[in-house]
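Analysis of the macromolecular model
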Amino acid sequence: MNSEEKTPVGVIGVGWVGLVTAACFAELGHPVIARDVVQEKVDALSRGEITIHEPGLAELLERNRDRLTFTTDMDELLNGARLLFVCVDTPPTYSGDADLSRVRSVVEDLSADGDHVLIMKSTVPAGTGASIRRELPGLAYVSCPEFLKEGTAVEDFMHPDRVVVGSEPEDSAAAEEVADLYRPLGGEFVMTDTSSAEMIKLASNAYLATRISFINEIANVCEEVGADVSEVARGMGLDERIGPHFLRPGIGFGGSCFPKDVNALKLLAGNSGYHFQLLNSVIEVNELQKRRVVSKLTKHLGPLVGKRIALLGLAFKPDTDDMREASSLVLSARLRGEGAEVVAYDPVAMSNARSLLPGVEMSDTAQEALAGSDAAVLVTEWSEFKEIDWTEAADRMRRPLLIDGRNFLDAGQLRSAGFLYEGIGKAGTGDESG
Ligand code: UDX
C-alpha cells in the first residue's frame, strides 16, 4: 500500500507527544499534517530541524519528510485530515489541577466544523471528553490516552502493551477507525467509554508512582534493619502478582507525567467529593526521598557550608533532556540552602538545566565536575557514568565519597577505586570504604 492510500492523520500540538505521534504515523505510511501555534517551531521542523532529545526520532522525521507537513494554519489541517490527534500540554495550574486552556482553545477553533474526529491524547481529568462531546455535537470524540515513556517513546509507540480507545456509543464507528490506525502495531485493545479511558491513564500513572514511593519506603526501612532493597525487590518481583517492574528505589520520581497526574487524580477525586488518602502519602514520600540524600551527605561530611558537591545527571531520567520535576532541582536547591557549592554535569540536559539552576556551576565533563569536590551524588543513571575512570576521579576529588541515588554503579568497583560508596536501601554501605 503506498502512502496515498493510507488515511491522512492530523496532529494538533507538536510538543514531545505530538512530534512522536506525527513521526511514527508517517513511518507507518500515513500522510501526516501537524499544526502548532508556535511559528518558529513549525519553521524549524519544516526545515528538518528537531530540538528535543528522543532516541530514534530525528531519524524517523528525516526518513519520512515527504509524508510530513508542519503548519500553523488550522484550516490547512482541517482540510488535510479528518482524524485529528490532540497532543497539547495540560500542565498543572498553580493549584495542581490540569490546565485545560490549550485543550479549550483547540475546541474553540474546531467548533464550527462538523466532520472531524477529535482524538484526545492529552491527559485530561475523567469527564472532560463527555463534556467536550456535549459542546461539539457534530463532531466525533475519541479518547486515546498516551502511555509513551520518554527515552523509549518511538519503541513504545511501535510496540504498545495496550491501546486504550474510549468513546460514547454514538462515536463507536470513529473509535473503530482510531483502533484501525493502531492495529498494525499489535498489543491489546481496550475499547471502552470515554471517562473510563481517561481514568485508565490517570490510574496507571498514579499506580506506578505508588509503586515507586512504596519501594522507596521499603528501601528506607532496609537501611534501618540491615537488609538490601535490591534483594528484597528481586524476591518480591518474582511473585507473578507483583512482577519485577517499577521496583527500583531512588531519589524520587519526576518528569512531566507522574507528579502532575498523581496530583491531578488526587484533586479530581477531591473535587468529586472523595478524599484519596493514599495519594497524599505517595506525593509526600516522593518529596522526602529527594531530601534524604542531604542527610546522607551530612552524615559523612558534617555541615555542608562551603562543601563542594558534584551532581552527576540532572534530567529526570536518562536518555532525555527533560528537566520537568527532576529530582536534581529540589536536591540542588536544598544543598545550596545548606550553604554547599553545587557543580553539575549532564550529558544532554545542560542547556535546559542552566536557566533552572541559577548558582549551580555547570561542567563540560563528569571528571571536571568531580575534580575538587567533597562528594558526588549520582542523580540520573546515564550509561556513560559507568564508563567513568573512578580511580582517576578518586584522585581528583577532595574526598572520594559517592552517594548513588539510583543504585546504578558497581559498589565493589567504586570501593576498589578508593571510594566511600553509599547507595539507597543498602544497609551498612555508608560505613565501608576502600
Ligand atoms: C511515564 C509513564 O511511564 C508513561 O506511561 C506515561 O505516558 C508518562 O509518564 P516517563 O515520565 O517518561 O513515563 O518516565 P518513566 O520511565 O515512567 O519514569 C518516571 C520517573 O520514575 C523517573 O523519574 C524515574 O527515574 C522514576 N522511576 C521509575 C523510579 O524511581 N523507579 C522505578 O522503578 C521506575
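All figures in this text were calculated on a predicted structure; none of them were measured in a lab.

**Details of the sheet that holds strand S14 (residues 420–422)**
What links the strands of a sheet is backbone hydrogen bonding, and the strands pair in either a parallel or an antiparallel sense. The sheet built from 6 strands is open, its strands ordered S11-S10-S9-S12-S13-S14 with parallel pairing. Bordering the open sheet on either side are strand S11 (361–362) and S14, each of which pairs with just one other strand. Sheet topology note: the strand S12 (residues 375–378)/strand S13 (residues 401–404) ladder contains 3 bridges and is parallel. Bridge pairing in S13 links Leu 378 to Asp 404.

**Considerations on the nonpolar core**
Counting 61 residues, the largest nonpolar core has Leu 297, Leu 311, Leu 335 and Trp 390 as the members making the most contacts within it. With sequence-adjacent residues up to four places away left out, Leu 297 is seen in contact with Gly 302, Leu 304, Ile 309, Leu 335, Ala 375, Val 377, Leu 401 and Ile 403. Of all hydrophobic cores here, the second largest spans 44 residues; its members include Leu 83, Leu 148, Ala 175 and Val 178.

**Quick look at the side chain of Ser 256**
Mapped onto the elements, Ser 256 comes out in the loop between helix H10 (229–237) and helix H11 (258–271). Look at Ser 256 and you get buried, because its relative accessible area is 15%. Separated by 3.4 Å, the side chains of Ser 256 and Glu 150 make a polar contact. Apart from residues no more than four positions distant in its own chain, Ser 256 is found in contact with Glu 150, Asp 322 and Arg 324.

**Focus: helix H2 (residues 39–46)**
What H2 keeps buried is the set Val 42, Ala 44 and Leu 45. For H2, the buried positions fall inside an angular range of 165 degrees around the axis, keeping them on one side. On its buried side, H2 packs onto helix H1 (16–27) and strand S3 (68–71).

**Some details on helix H6 (residues 128–135)**
Those residues of H6 that sit buried are Thr 128, Gly 129, Ala 130, Ile 132 and Arg 133. Buried positions along H6 lie against helix H5 (101–110), strand S5 (117–120), strand S6 (140–143) and helix H9 (194–225).

**Considerations on the packing of H11 against helix H12 (residues 277–301)**
Taken N-terminus to C-terminus, the directions of H11 and H12 make an angle of 150 degrees; their axes are 9 Å apart at the nearest point. On the basis of the axis angle, H11 is roughly antiparallel to H12. Seen from above, H11 lies across H12 with left-handed handedness. Contacts between H11 and H12 involve Val 262, Asn 263, Leu 265 and Lys 266 from the first element and Leu 279, Asn 280, Val 282 and Ile 283 from the second. Grouping the constituent residues of the contact of H11 with H12 by class yields 5 nonpolar, 2 polar and 1 charged.

**Regarding the domain arrangement of the chain**
Entries for the chain in the domain assignment read domain 1 (3–192) and domain 2 (193–434). Its C-alpha centre places domain 1 at a distance of 32 Å from the equivalent point of domain 2. On the side of domain 2, 27 residues touch domain 1, which itself brings 34 residues to the contact. Linking domain 1 to domain 2 there are 1 salt bridge. For the salt bridge of Glu 150 with Arg 324, the shortest nitrogen-to-oxygen distance reads 4.0 Å.

**With respect to the environment of Thr 128**
Among the structural elements, Thr 128 can be located in helix H6. Residue class for Thr 128 comes out buried when judged on its relative accessible area of 10%. Thr 128 sits 25 residues away from Val 103 along the chain, and the two C-alpha atoms are 9.9 Å apart. Residues within four places of Thr 128 in sequence aside, it is in contact with Leu 100 and Glu 198.

**Some thoughts on the packing of aromatic side chains**
The tally for this structure, following the rule as stated, stands at 10 aromatic pairs. Ring centres 6.0 Å apart and planes at 85 degrees place the aromatic pair Phe 253 and Phe 258 in the edge-to-face group. Side by side, Phe 253 and Phe 258 carry an identical accessibility label, which is buried. In textbook terms, an aromatic cluster arises when at least three aromatic residues are bridged by ring pairs, as seen for Phe 25, Phe 85, Phe 157 and Tyr 182. Here the guanidinium or amino end of Arg 183 rests over the ring plane of Phe 189, the centre of that ring lying 4.7 Å away. Directly above the aromatic system of Phe 408 lies the positively charged group of Lys 386, at a separation of 4.0 Å from the ring centroid.

**Re the site of the ligand**
Close contacts around the ligand come from 18 residues, with Phe 147, Leu 148, Glu 150, Arg 248 and Lys 317 the closest. Within the backbone of Phe 147, an N or O atom sits 2.8 Å from an oxygen atom of the ligand. At a separation of 3.4 Å, an oxygen atom of the ligand approaches a polar side-chain atom of Lys 201. Bound to the protein, the ligand loses 95% of the 670 Å² it would expose on its own.

Reading the values: rules and limits
- Each chain carries its own residue numbering, running from 1 in the direction its sequence is written.
- Totals for whole chains, interfaces and linings use all residues, but because this is a predicted model, local features are given only for residues with pLDDT of at least 70 and pairs of side-chain atoms are given and counted only at 80 or more.
- To obtain the side-chain values, all non-hydrogen atoms of the structure were used and water was disregarded.
- Two strands qualify as a pair provided that DSSP identifies no fewer than 2 bridges between them.
- Secondary structure is summarised from DSSP: a helix means a run of H or I of at least four residues, a strand means a run of E of at least two, and numbering begins at the N terminus for each.
- The set of buried Ala, Val, Leu, Ile, Met, Phe, Trp, Tyr and Cys residues whose side-chain atoms join them within 4.5 Å is what this entry labels a nonpolar core.
- Each residue gets one of three labels from its accessible area relative to the maximum for its type: buried under 20%, exposed over 50%, partly exposed in between, using a 1.4 Å probe on protein chains only.
- In what follows, residue pairs with any heavy atoms lying within 4.5 Å of each other are defined as contacts.
- Counted as a polar contact is a pair of N or O atoms within 3.5 Å, where, for protein atoms, one must be capable of donating a hydrogen and the other of accepting one, and residues adjacent in sequence contribute only when both atoms are in side chains.
- Arc, as used here, means the arc of the directions from the helix axis to the C-beta atoms.
- Inter-axis angles, ranging from 0 to 180 degrees, are taken between N-to-C directions of lines fitted to C-alpha atoms, where helices are fitted over the stretch in contact.
- Oblique is the label for any angle not covered by the other classes, which are roughly parallel (under 35 degrees), roughly antiparallel (over 145) and roughly perpendicular (65 to 115).
- A clockwise turn of the near helix away from the far one marks a right-handed crossing, whereas an anticlockwise turn of less than a right angle marks a left-handed crossing.
- Side-chain classes follow a simple rule in which Ala, Val, Leu, Ile, Met, Phe, Trp, Tyr, Cys and Pro form the nonpolar group, Asp, Glu, Lys and Arg form the charged group, and the remainder, Gly included, forms the polar group.
- As annotated, the domain borders come from an automatic or database domain assignment.
- Salt bridge, as used here: a side-chain nitrogen of Lys or Arg that lies within 4 Å of a carboxyl oxygen of Asp or Glu.
- The aromatic pairing rule takes the rings of Phe, Tyr and Trp, using the six-membered ring of Trp, and pairs them if the centres are within 6.5 Å, calling planes under 30 degrees apart stacked, those over 60 edge-to-face and the rest tilted.
- Ring-over charges, as used throughout, are those where CZ of Arg or NZ of Lys falls within 6 Å of the ring centre and within 35 degrees of the ring normal.
- Summary of the distance rule: residues count as near a molecule or strand when at least one heavy atom falls within 4 Å of that molecule or strand.
- Accessible areas in this description were obtained via Shrake-Rupley with a 1.4 Å probe; residue shielding takes into account the shown protein chains only.

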